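# What the coordinates show
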Amino acid sequence: MSRKFCVGGNWKMNGDKKAISEICKNLSGAKLNESTEVILGCPFVYISYVREIFPSNFHIAGQNCYKIAKGAFTGEISPAMLKDVGANWVILGHSERRHVFNESDELIAEKAAHALDEGLSVIACIGEKLDEREAQKTEQVVACQMAAYAKTIKDWSKVVIAYEPVWAIGTGKTATPDQAQDVHAFLRRWLTENVSKEVSDTLRIQYGGSVTAANCKELAAKPDIDGFLVGGASLKPEFIDIINAKQ
């Protein structure tokens, strides 16, 4: 079954208006694969600016949100607020939220369900740490993370899963294309057994973790890899090559 290739750029806590305008100039002026969906995850304070200057074919994502619509939650952002300033996607469950800010599988899954209920599309992140990989617990870890999402998500049509091995994020280490494909294939089997064959066939699963212009084409050629969630490289001109990995 054909799944639309999807590339997300997660800018993390980087950028200012000058840098963002340069990124916009580079991306807007480039010849990009029209068959690839592009989502830009920018810091909250720049979402309105990014939506204003980028063409409409670029989707805009918040990098996090909370599980409740409004209330006394100092410092938090709701899905409704993200929509109000121009975002139509949100990134949830990124390893930095899990391991720096100690967000649990359950909290992340509750956030995902609320964001979907509020009309946002969700990039739902999963992935194992190095010690878990070395202990051969990769499948166990990602299955637990997926099971939490499956308890709260009823409609998967606006979800993209991003598999990001934590040991490969920002380290320069990348899972080999075969290692990444093996986990993606496991995730499809898990979805078939625990959600449905239809969701397994149609759900897009991105790979993330030190994706570069040099390795993106080989990764993109794997049958179960449907795109990328890109960190540092999304701030650089080589992001164009990553978007065009399927060409």
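Throughout what follows, the structure given in this document is the object of discussion. What you are looking at is a predicted structure, and each value in this text was computed from that prediction instead of being measured. (Residues numbered from 1 in each chain as written. Predicted model: local features only at pLDDT ≥ 70, side-chain atom pairs only at ≥ 80, totals over all residues. Heavy atoms only, no water.)

## Examining the sheet that holds strand β5 (residues 121-126)
Adjacent strands of a sheet form backbone hydrogen bonds with each other and so pair up, either parallel or antiparallel. The test is simple: Pairing between two strands requires that DSSP report at least two bridges joining them. Numbering of helices and strands starts at the N terminus; helices are DSSP runs of H or I of at least 4 residues and strands are runs of E of at least 2. Only the stretch in contact is used when fitting a helix axis, every axis being a line fitted to C-alpha atoms; angles between N-to-C directions are given from 0 to 180 degrees. Any pair of residues with heavy atoms lying within 4.5 Å of one another is described as a contacting pair.
Here eight strands make up a closed barrel; going around it, the order is β1-β2-β3-β4-β5-β6-β7-β8 and the pairing parallel. The average undirected angle you get between the axes of adjacent strands in this sheet is 25°. Sheet analysis places strand β1 (residues 6-10) next to strand β8 (residues 227-230), joined by four bridges and oriented parallel. Each bridged residue has a counterpart across the sheet, and for Gly 9 the counterpart in β8 is Val 230. The sheet strands contacting helix α5 (residues 105-117) are β4 (89-92), β5 and β6 (159-163), and the helix crosses β4 at an angle near 175°.

## Notes on the pairing of β4
In summary, the side chains of a regular strand alternate between the two faces of the sheet. Rule in force here: Each residue is assigned to one of three classes by its accessible area relative to the maximum for its type, calculated with a 1.4 Å probe on protein chains only: buried under 20%, partly exposed between the two thresholds, exposed over 50%. Orient the strands so they point away from the viewer, and a crossover whose first-strand-to-second-strand path over the helix runs clockwise is right-handed.
Burial along β4 is two-sided: the residues Trp 89 and Ile 91 and Val 90 and Leu 92 are all buried. As judged from the two bridges shared by strand β3 (residues 58-62) and β4, these two strands associate in the parallel manner. Across the sheet, residue Ala 61 finds its bridge partner in β4, namely Trp 89. Note that the unit made of β3, helix α3 (residues 79-84) and β4 has a crossover that is right-handed.

## Some points on the packing of aromatic side chains
Applicable threshold: Two aromatic rings from Phe, Tyr or Trp, using only the six-membered ring of Trp, form a pair when their centres are within 6.5 Å; if the ring planes differ by under 30 degrees the pair is stacked, by over 60 it is edge-to-face, and anything between is tilted.
Scanning all chains against the criterion turns up five aromatic pairs. Centroid distance Trp 11 to Phe 54: 6.4 Å. Interplanar angle 45°. Geometry classified as tilted. Highlighted residues: Trp 11 in the loop between β1 and α1 (17-28) and Phe 54 in the loop between α2 (47-53) and β3, separated in sequence by 43 residues. Here Trp 11 matches Phe 54 in class, with each residue buried. Ring centres of Tyr 66 and Phe 73 lie 5.0 Å apart, and the angle between their planes is 50°; this geometry places the pair in the tilted category.

## Observations concerning the state of the cysteines
Keep this limit in mind: Cysteine sulfur atoms that come within 2.5 Å of each other are treated as a disulfide pair.
Scanning all chains against the criterion turns up zero disulfides. Distance from the sulfur of Cys 6, which forms no disulfide, to the nearest cysteine sulfur (Cys 125) is 11 Å. Here Cys 216 stays free of any disulfide, with the sulfur of Cys 6 as its closest cysteine sulfur at 15 Å. Accessibility expressed as a relative area gives 1% for Cys 216, which makes it buried.

## Description of helix α8 (residues 177-194)
Along an α-helix, residues three or four positions apart point the same way, because every turn accommodates 3.6 residues. To keep things clear, this is the line we draw: Under the convention used throughout, the expected extent of a helix is 1.5 Å for every residue step, that is, one less than its residue count.
With 18 residues, α8 extends 25 Å between its outermost C-alpha atoms, agreeing within 8% with the 26 Å of an ideal straight helix rising 1.5 Å per residue. Buried residues of α8: Pro 177, Ala 180, Gln 181, Val 183, His 184, Ala 185, Phe 186, Leu 187, Arg 188, Trp 190 and Leu 191, and no others.

## Thoughts on the environment of Glu 110
On the secondary structure map, Glu 110 appears in helix α5. You can call Glu 110 partly exposed: its relative accessible area is 34%. For the pair formed by Glu 110 and Ile 153, sequence separation is 43 residues and the distance between their alpha carbons is 8.6 Å. Residues in contact with Glu 110, not counting those within four places in the same chain, are Lys 67 and Thr 152.

## Quick look at the environment of Arg 51
What counts here: We call two N or O atoms a polar contact when they sit within 3.5 Å, provided that within protein one can donate a hydrogen and the other can accept it, with sequence-adjacent residues counted only if both atoms are side-chain atoms.
Turning to its location among the elements, Arg 51 is positioned in helix α2. Here the alpha-carbon distance between Arg 51 and Val 85, two residues 34 residues apart in the chain, equals 8.0 Å. If we ignore the near neighbours within four places in the chain, the residues touching Arg 51 are Ser 56, Phe 58, His 59, Ile 60, Val 85 and Gly 86. Looking at Arg 51, its side chain comes within polar contact range of the main-chain oxygen of Pro 55, at 2.8 Å.

## A few points about the nonpolar core
Here is the rule: Here, nonpolar core means buried Ala, Val, Leu, Ile, Met, Phe, Trp, Tyr and Cys residues that are tied together by side-chain atoms lying within 4.5 Å of each other.
With 68 residues, the main nonpolar core has Phe 54, Tyr 149, Tyr 207 and Phe 228 as its most contacted residues. Per element, the largest residue contribution to this core is six residues, and it comes from α8.

## Let's talk about the pattern of salt bridges
The following threshold applies: Whenever Lys or Arg places a side-chain nitrogen within 4 Å of a carboxyl oxygen from Asp or Glu, that contact is recorded as a salt bridge.
In the structure shown here, the tally under the stated rule is 14 salt bridges. In this structure, Glu 37 and Arg 204 form a salt bridge, with 2.6 Å as the shortest nitrogen-oxygen distance. Pair noted here: Glu 37 is in strand β2 (residues 37-41) and Arg 204 is in strand β7 (residues 204-208), with a separation of 167 residues, a long-range link. Take Glu 37: its relative accessible area is 14%, and that puts it in the buried class. Classification of Arg 204 as buried rests on a relative accessible area of 14%. Across the salt bridge formed by Lys 197 and Asp 201, the nearest N and O atoms sit 2.9 Å from each other. One end of the pair is Lys 197 and the other is Asp 201, both in helix α9 (residues 197-202) and four residues apart, which spans about a single turn. Connected via shared salt-bridge partners are Arg 3, Arg 188, Asp 224 and Asp 226.

In short, geometric facts, not functional conclusions.
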